[in-house]
Amino acid sequence: MTNQTRLASADELESIYQRELVTDRWAATETAYALAVRHRDLGDWPKSREWVQQCLRLLEGFPSETEEHVATSRTSVGGVQLPTYLHAGVVQGRFGDLG
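In this text the structure is predicted, and so the values were computed from the model without any measurement.

A. Fine view of the overall build of the chain. A tally of regular secondary structure across the chain gives five helices and two strands. Beginning at the N terminus, the succession of helices and strands in the chain can be written as α-α-α-α-β-β-α. Its C-alpha radius of gyration of 13 Å places the chain within 12% of the 13 Å reference for a compact globule of 99 residues. Based on the C-alpha atoms only, the size of the chain along its principal axes is roughly 40 × 25 × 25 Å. The buried share of the chain, reckoned over its 99 residues, is 38%. In the chain, 65% of the contacts between residues at least 6 apart in sequence involve partners at least 24 apart. Accessible surface, the chain as shown: approximately 5,800 Å² in total, 49% of it carbon and sulfur. Looking at charge distribution, the chain has the averaged site of its 10 positive side-chain charges lying 4 Å from that of its 14 negative ones.

Here you go:
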């Protein structure tokens, strides 16, 4: 397994998120989504819910009128696939009542 395919741990993703929050809020939003997925996949529903809500809060700060506004800049974060477009509707659709 190479570093490209290895899944980052939740702790590693949280470190990435903390750095991005200061330097690139859109990247931090993508990483918050990845953290929600990672915790959901680990069966940690409370943590997943926390990250879903954080992702939604961050998304409120961005325009979402066009595809360009909501297009993700990466295909994955730490081995977690990102959706092509990231907006509240996608997050709520993927996480349902966790949002």
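B. Here's a closer look at the nonpolar core. Formed by 25 residues in total, the largest nonpolar core has its most connected members in Tyr17, Tyr33, Val52, Leu59, Val91 and Phe95. Looking at this core, the elements that each hand over two or more residues are helix H1 (10-23), helix H2 (25-41), helix H3 (45-59) and helix H5 (88-95). The element that contributes the greatest number of residues to this core is H2, accounting for eight residues. Excluding anything up to four places from it in sequence, Tyr17 contacts Ala28, Thr31, Ala32, Leu35, Trp51, Gln54 and Leu58.

C. Representation of the packing of H2 against H5 in the model. Closest axis-to-axis distance for the H2/H5 pair is 12 Å, and the angle between their directions is 0 degrees. Relative to H5, the element H2 lies roughly parallel. Contacts from Tyr33, Ala36, Val37 and Arg40 of H2 reach H5 at Val91, Arg94 and Phe95.

D. Here's a closer look at the packing of aromatic side chains. Here the structure, examined in full by the defined rule, presents three aromatic pairs. Where Trp26 meets Phe62, the ring centres are 5.0 Å apart and the plane angle is 85 degrees; that geometry is what we call edge-to-face. Residue Trp26 is located in helix H2, and its partner Phe62 is located in the loop between H3 and helix H4 (67-70); the two are separated by 36 residues in the primary sequence. Residue class for Trp26 comes out buried when judged on its relative accessible area of 12%. A ring pair is formed by Tyr33 and Phe95, whose centres lie 5.7 Å apart and whose planes are at 80 degrees; its orientation type is edge-to-face. Here Tyr33, found in helix H2, pairs with Phe95, found in helix H5; they are 62 residues apart in sequence, far enough to count as distant.

Conventions used here
- Residues numbered from 1 in each chain as written.
- Predicted model: local features only at pLDDT ≥ 70, side-chain atom pairs only at ≥ 80, totals over all residues.
- Heavy atoms only, no water.
- Helix = DSSP H or I, 4+ residues; strand = E, 2+ residues; numbered from the N terminus.
- Rg over C-alpha atoms; globule rule 2.2 N^0.38 Å.
- Buried < 20%, exposed > 50% of the residue type's maximum accessible area, 1.4 Å probe, protein only.
- Contact = heavy atoms within 4.5 Å.
- Areas by Shrake-Rupley, 256 points an atom, 1.4 Å probe, with all protein chains shown as cover.
- Lys, Arg positive; Asp, Glu negative; His and termini not counted.
- Charge placed at Lys NZ, Arg CZ, Asp CG, Glu CD.
- Core = buried A, V, L, I, M, F, W, Y, C linked by side-chain atoms within 4.5 Å.
- Axes fitted to C-alpha atoms, helices over the stretch in contact; angles between N-to-C directions.
- Parallel < 35°, antiparallel > 145°, perpendicular 65-115°, else oblique.
- Phe/Tyr/Trp six-rings, centres within 6.5 Å; stacked < 30°, edge-to-face > 60°.

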